[in-house]
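Structure assessment
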Amino acid sequence: MSDVLTQTRQLLRLATAGSVDDGKSTLIGRLMHDTDSLPLDHLEAVTDEEGVADLAALSDGLRAEREQGITIDVAYRFFSTERRSYILADTPGHERYTRNMFTGASNAHVAVLLVDARAGVLRQTRRHARIAKLLGVQHFVATVNKIDLVDFDAGRFAEVEAELAQMAARLGGAELSVIPIAAKHGDNVVHRSDNTAWYTGPTLLEYLEGVELSAPNPEAAKLRLPIQWVSRPTTDERRRYTGRLAAGTLSVGDAVISLPAGTRSTVTAVDTLDDSRTTAVAPLSISVELADDIDVARGDVLVSGDENATLPTLARELDATVCWFVETPLRAGDRVALKQTSKTVRATVQALHTRLDPETLDELDNPVELLLNDIGSVTLRTSSIVVADPYTDNRDSGAFILIDETSNDTIGAGTIVEPREVKPGAQTRNDIRWHPSSLDREYRWSATTQRGATIWFTGLPASGKSTVAVAVERALVESGDVAYLLDGDNIRHGLSDDLGFSPGDRAENIRRVGHLTRLFADAGVVALASLVSPLKSDREIARALNAAAKLPFIEVYICTSVAECEKRDPKGLYARARAGELKGLTGVDAPYEAPENPDLVLDTTGADIDELVAKVLEVLKDKRDGV
């Protein structure tokens, strides 16, 4: 046996790209056929009575694909040579199945672009090439297919080659090799063709065999192990944490940190499918045991605990590039579920920055929306921490998919350009400064004989928030205090009249009210905010703003049941929502995250309002006295 065969063959992952009918499936069938990688029964199944094999049918596995003559799903095919093993993803060319191009190219080393010699570079060719570039594919080879249908014309090949060079330049100077082929007959696929004597470059297989892959350089300091499952095999064994290594290495004795909690421990056992392996390397799936019973759950990430470790960002905001998969457009303010590694969080689209023009590959600024198959740059704000890296650093922790929370359908996919840690209420700009008042707060409060505070009422629509807040305001004013109610509806008549009711706009409305309560409280006024404010993350912003200014903040949770709220329904909102006339009503088809540790919990069902007011005033007195 030759030395080549006794060595482990390199694995090269390929993804095809191009428009419908460019011949991707036929090319794959030809590669498998001419490298003797086809089982005989597969070949017989696609061979007609005259002995002619339909090579495209080898990778078109779905009945709908064979009937329509197009590829719909991603078909993974395998072939090998003495030098290498190959996994090839046959991705759909039809524009409707752009999402599958993302799937096929996500792990590819090489993108094989198919171009019909007669049609040249098309819109979908450019789109797929842009997606491959976006997903970090390093090597591009373009095959000008069906060259036999233009009589192996060197002039026509040169024209298409020029179009491809222009496209590569628009992609940021991607290195692109161009090969003339006739996949149906095998010209320049595996074997060199006598019909293209004017072409002196490599065949497609020769190109693939010569692609240089950077050898893995695993570094323990770059460890990323997203936890997928926590188990305890027996009562006598410690917990095991299972996942697939996204980066780095892991061995017994290594110090690790669990993020986002930041707790430390040491690895006491590492299990892989290879019992003889002592060090696990990416991308192996492994199970680890830790020396300490720290709190680690699905979605957490183990990273290196060494001093020189490269740590990810505990991000709440992501600048990202997104490909949109569905016909319903994506707009600023939309709320989606974001799945990154093994964790799923809610996310709000803070802004749409650019949209890619698939014809010119130009970036168009400030789009109103992203439509089906659009690619654009966006900013996403997440409801909780995402342990993230830029996609250029890590293709696992830097990628995500977007999910419709109602249907659970995948509606988009993206790559992280920049993850950012955003602390609620923290100043994010460095070009402006806070100007303190010339009056000291204690002097102001002493002169007015009143200490400011914020009382934040939250609960479902029609829960009684405003009823209690109005009564508290009256009681305070009648006792000589200056108090003012910031009711949600009133705020939208002025301060927030530019905002709609999308999730992003709702979050912005709460942020504005949070800042307003801080200013009122600083002035010595008791600010009462009555808003549904359904998300914990939004309420935390208001709390943090007041806490940063060392101002009392009281969260009052009106816990009236949905049934009782719906019975009252003074604005008819619940009736409209049940009839399908109103979308996104909290408590019906939009979530409400109840406060975990409110300062006061009140139920207005059959309650005496004066008693509820007394409870609020008692908590206010305690908070003021504690300042």
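Predicted, not measured: the structure shown is a model, and the values here were computed from it.

Cut-off values and rules
Residues numbered from 1 in each chain as written. Predicted model: local features only at pLDDT ≥ 70, side-chain atom pairs only at ≥ 80, totals over all residues. Heavy atoms only, no water. Helix = DSSP H or I, 4+ residues; strand = E, 2+ residues; numbered from the N terminus. Buried < 20%, exposed > 50% of the residue type's maximum accessible area, 1.4 Å probe, protein only. Areas by Shrake-Rupley, 256 points an atom, 1.4 Å probe, with all protein chains shown as cover. pLDDT = per-residue confidence, 0-100. Contact = heavy atoms within 4.5 Å. Pairing = 2+ DSSP bridges. Axes fitted to C-alpha atoms, helices over the stretch in contact; angles between N-to-C directions. Expected span 1.5 Å × (residues − 1). Core = buried A, V, L, I, M, F, W, Y, C linked by side-chain atoms within 4.5 Å. Left-handed = near helix turned anticlockwise from the far one by under 90°. Nonpolar A, V, L, I, M, F, W, Y, C, P; charged D, E, K, R; others polar. Polar contact = N/O pair within 3.5 Å; in protein donor to acceptor, adjacent residues only side chain to side chain. Disulfide = S-S within 2.5 Å. Phe/Tyr/Trp six-rings, centres within 6.5 Å; stacked < 30°, edge-to-face > 60°. Arc of directions from axis to C-beta.

1. Description of the overall build of the chain
- Scanning the chain from terminus to terminus reveals 16 helices and 29 strands.
- Taking all 627 residues of the chain together, 49% fall into the buried category.
- Here the chain has roughly 30,000 Å² of accessible surface; of this, 48% comes from carbon and sulfur atoms.

2. Some points on the confidence of the model for the chain
- Looking at the chain as a whole, the pLDDT averages 83, with 85% of positions reaching at least 70.
- Note on residues 60-72: pLDDT is under 50 here. Beyond four places in sequence and across chains, it has 25 contacts.

3. Here's the deal with the pairing of strand β15 (residues 301-304)
- Looking at chain direction, strand β7 (residues 224-226) and β15 are connected through three bridges and run antiparallel. Its bridge partner lying in β15, L225 is registered against L302.
- Judged from the four bridges that link them, strand β11 (residues 255-259) and β15 form a sheet pairing that is antiparallel. By the bridge assignment for β15, I257 is matched with V303.

4. Remarks on the sheet that holds strand β27 (residues 526-530)
- A sheet is described by the order of its strands in space; here five strands give the open sequence β26-β27-β25-β28-β29, paired in parallel fashion. Each of the sheet's edge strands pairs with one partner strand only, and the pair in question is β26 (483-487) and β29 (600-602). Taken pair by pair, the neighbouring strands of this sheet meet at an average axis angle of 20°, ignoring direction.
- As judged from the five bridges shared by strand β25 (residues 453-459) and β27, these two strands associate in the parallel manner. Bridge assignment links W456 to a residue of β27, and that residue is A529.
- Contacts between helix α10 (residues 465-478) and the sheet are confined to β25, β26, β27, β28 (553-558) and β29, with β26 contributing the most and set at about 165° to the helix.
- Lying over the sheet, helix α13 (residues 536-548) contacts β25 and β28, oriented at roughly 155° with respect to β28.

5. Observations regarding α13
- Taking 1.5 Å per residue as the helical rise, α13 with its 13 residues ought to reach 18 Å, and the 18 Å between its terminal C-alpha atoms agrees with that figure.
- Along α13, the residues that are buried comprise S537, D538, R539, I541, A542, L545 and N546.
- Just downstream of α13 lies K550, where phi reads positive at about 60°.

6. Looking at the nonpolar core
- Judged by nonpolar contacts, the single largest core of 61 residues is most densely connected at F102, L164, M167, L338, F400 and L402.
- It is strand β16 (residues 313-324) that provides the largest number of residues to this core, a total of six residues.
- Discounting chain neighbours no more than four positions away, the residues touching L338 are L318, K343, T344, V345, A347, L380, F400, I401 and L402.

7. Describing the packing of α10 against helix α16 (residues 609-625)
- Interhelical geometry of α10 versus α16 gives an angle of 65° and a closest axis separation of 9 Å. Viewed along their axes, α10 and α16 form a crossing whose handedness is right-handed. Within the contact between the two elements, α10 uses T467, V468, A471, V472, A475 and L476 and α16 uses I609, L612, V613, V616, L617 and L620.
- Broken down by class, the residue content of the contact of α10 with α16 amounts to 11 nonpolar, one polar and no charged.

8. Regarding the side chain of E555
- With respect to the helices and strands, the residue E555 is situated in strand β28.
- A relative accessible area of 5% means that E555 is categorised as buried.
- Here the side chain of E555 touches R539 through a polar contact of 3.0 Å, side chain to side chain.
- Ignoring anything within four residues of it in the chain, the contact list for E555 reads W456, T458, R539, R543, P595, N597, P598, D599 and L600.

9. Structural notes on the state of the cysteines
- Overall, the coordinates contain zero disulfides when judged by the stated rule.
- Cysteine C565 shares no disulfide, and the gap to the nearest cysteine sulfur, in C559, comes to 9.6 Å.

10. A word on the packing of aromatic side chains
- One pass over the full model with this rule turns up six aromatic pairs.
- Here W456 and F553 contribute two aromatic rings whose centre-to-centre distance is 6.2 Å and whose plane-to-plane angle is 35°, an arrangement assigned as tilted. With W456 in strand β25 and F553 in strand β28, this residue pair connects regions lying 97 residues apart in the sequence.
- In this structure W456 comes out as buried when scored by relative accessible area, which is 0%.
- Look at Y557 and Y592: their rings are 6.1 Å apart centre to centre, the planes differ by 20°, and that puts the pair in the stacked class. Highlighted residues: Y557 in strand β28 and Y592 in the loop between α15 (573-578) and β29, separated in sequence by 35 residues. Of the two residues, Y557 and Y592, neither departs from the other in class, the shared state being buried.

11. Remarks on unusual backbone geometry
- In this model, L259 is joined to P260 through a cis peptide bond whose omega is 15°.
- Tracing the sequence through the fold places P260 in the loop between β11 and β12 (263-271).
- For the bond from A282 to P283, the omega torsion is 10°, close enough to zero to count as cis.
- Inspection of the secondary structure assignment puts P283 in the loop between β13 (279-281) and β14 (285-290).
- Located in the positive-phi region is N408, a residue other than glycine, with phi close to 65°.

12. Notes on the sheet that holds β11
- Read from one edge of the open sheet, seven strands run β7-β15-β11-β12-β14-β9-β8, paired in antiparallel fashion. Here the strands that pair on one side only, and so sit at the sheet edges, are β7 and β8 (229-231). Strand-to-strand twist across the sheet, computed as the mean angle between neighbouring axes with direction ignored, equals 40°.

13. Thoughts on the environment of R192
- Here R192 lies in the loop between β6 (176-180) and α8 (204-210).
- Residue classification places R192 among the partly exposed residues on the basis of a relative accessible area of 43%.
- Along the primary structure R192 and P202 are separated by 10 residues, whereas in three dimensions their C-alpha atoms are 8.0 Å apart.
- The residues contacting R192, other than those within four sequence positions of it, are Y199, T200, G201, P202, T203 and E206.
- At a separation of 2.7 Å, a polar atom in the side chain of R192 contacts the main-chain carbonyl oxygen of G201.

14. Description of helix α7 (residues 154-170)
- Taking 1.5 Å of rise per residue, the 17 residues of α7 would be expected to cover 24 Å, and the 25 Å separating its terminal C-alpha atoms lies within 8% of that figure.
- The set of residues buried in α7 consists of R156, F157, V160, L164, M167 and A168. Viewed end-on, α7 has its buried residues packed into an arc of 115°, placing them on one side of the element. Of the exposed residues in α7, those oriented more than 90 degrees away from the buried face are Q166 and A169.
- Each element contacted by the buried residues of α7 is listed here: β4 (110-116), α6 (123-134), β5 (139-145) and β6.
- For α7, the capping residue at the N-terminal end is D153, with a side-chain oxygen 3.2 Å from the backbone nitrogen of G155.
- After α7 finishes, the residue G172 shows a positive phi value of roughly 95°.

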